[in-house]
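Understanding the architecture of this molecule
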Amino acid sequence: MSLAPKRTSESATEMVQVVLPNDANPLGYILGGTVMHLIDMAGAIACHRHTRSLLVTAAVDDLQFLHAIKVGDLIILKARVTCVFTTSLEVRVDVFSEETLTGRRELTSRAYLTFVAVKRDGGRVPIPPLLVETEEERRICAEAHGRRAQRLKRKMEADAG
């Protein structure tokens, strides 16, 4: 595997599907668990594109459900790697609803996930660095470092307790 740096655009992923009745609660809105599953899938695909390795989900940070998505609407997930560490990386997944008849889009969720690159035996694998080229990419990566520090702090506290 090459450890040559990669651009964030190389990991960009978009998934689209229609929300069907079997994806919904009795009120006719997509189940939160279904959205979480799709977020994990979109995030994993983006991270696979960056690492070209096996991955496991290590954490989900700051998942919020801002608006409901109705049966019949499209759910659109856009994912891209935001920051790379040594054997782990962060991906941001934005979720949108799109009304099929009007095309009106609305941001419904955003989540940050951390994945770890692993070998089949569970050992960690080094991954290619991320080329952070714009001010926005630098800001997003700096925020990722902050989320990582908080996550590691919580883990240490949980391990100590």
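In the block above lies the structure referred to throughout.
Reading the values: rules and limits
- Residues numbered from 1 in each chain as written.
- Predicted model: local features only at pLDDT ≥ 70, side-chain atom pairs only at ≥ 80, totals over all residues.
- Heavy atoms only, no water.
- Disulfide = S-S within 2.5 Å.
- Helix = DSSP H or I, 4+ residues; strand = E, 2+ residues; numbered from the N terminus.
- Buried < 20%, exposed > 50% of the residue type's maximum accessible area, 1.4 Å probe, protein only.
- Expected span 1.5 Å × (residues − 1).
- Phe/Tyr/Trp six-rings, centres within 6.5 Å; stacked < 30°, edge-to-face > 60°.
- Lys NZ or Arg CZ within 6 Å of the ring centre and 35° of its normal.
- Salt bridge = Lys/Arg side-chain N within 4 Å of Asp/Glu carboxyl O.
- Pairing = 2+ DSSP bridges.

Further remarks concern the state of the cysteines. Tallied over the entire structure, the rule returns one disulfide. Between the sulfur atoms of C83 and its disulfide partner C141 the distance amounts to 2.3 Å. Across the S-S bond linking C83 and C141, the dihedral sits near 40°, which makes this disulfide right-handed. Placement of C83 in strand β4 (residues 74-84) and of C141 in helix α2 (residues 135-160) is noted, with a sequence separation of 58 residues between them. There is no split in this pair, since C83 and C141 are both buried. In this model C47 remains outside any disulfide bridge; the closest cysteine sulfur is found in C83, 11 Å from its own.

Attention now moves to helix α1 (residues 32-51). Count 3.6 residues to each turn of an α-helix, and residues three or four apart come out pointing the same way. The terminal C-alpha atoms of α1, which comprises 20 residues, lie 28 Å apart, in line with the 28 Å expected from a rise of 1.5 Å per residue. Of all the residues in α1, the buried ones are T34, V35, L38, I39, A42, G43, A44, A46, C47, H50 and T51. Once α1 finishes, R52 follows within two positions and takes phi at roughly 55°, a positive value.

The next thing to look at is the side chain of S53. Its location among the elements puts S53 in the loop between α1 and β3 (54-65). Here S53 falls in the buried class, since its relative accessible area comes to 13%.

A word on the packing of aromatic side chains. All told, the structure shown has zero aromatic pairs when counted by the stated rule. Over the face of the ring belonging to Y112 we find R147, whose NZ or CZ atom lies 3.6 Å from the ring centre. When the ring centre of F85 is taken as reference, the NZ or CZ atom of R148 above it lies at 4.5 Å.

Let us look at the pattern of salt bridges. Throughout the structure, instances matching the rule amount to 15 salt bridges. Overlapping salt bridges, with partners in common, bring together K70, D73, E99 and R104 in one network.

A word on the pairing of β4. β4 sits mainly inside the fold: eight of its eleven residues count as buried. Bridge analysis of strand β2 (residues 13-18) against β4 gives six bridges, and the strand direction is antiparallel. The residue of β4 that forms the bridge with M15 is L77. By the bridge criterion, ten bridges tie β4 to strand β5 (residues 88-98) in an arrangement that is antiparallel. Paired with R80 across the strands is R92, a residue of β5. In this antiparallel pair of consecutive strands, β4 and β5, the connection spans three residues.

It is worth stressing that arrangement in space is one thing and function is another; only the former is reported here.
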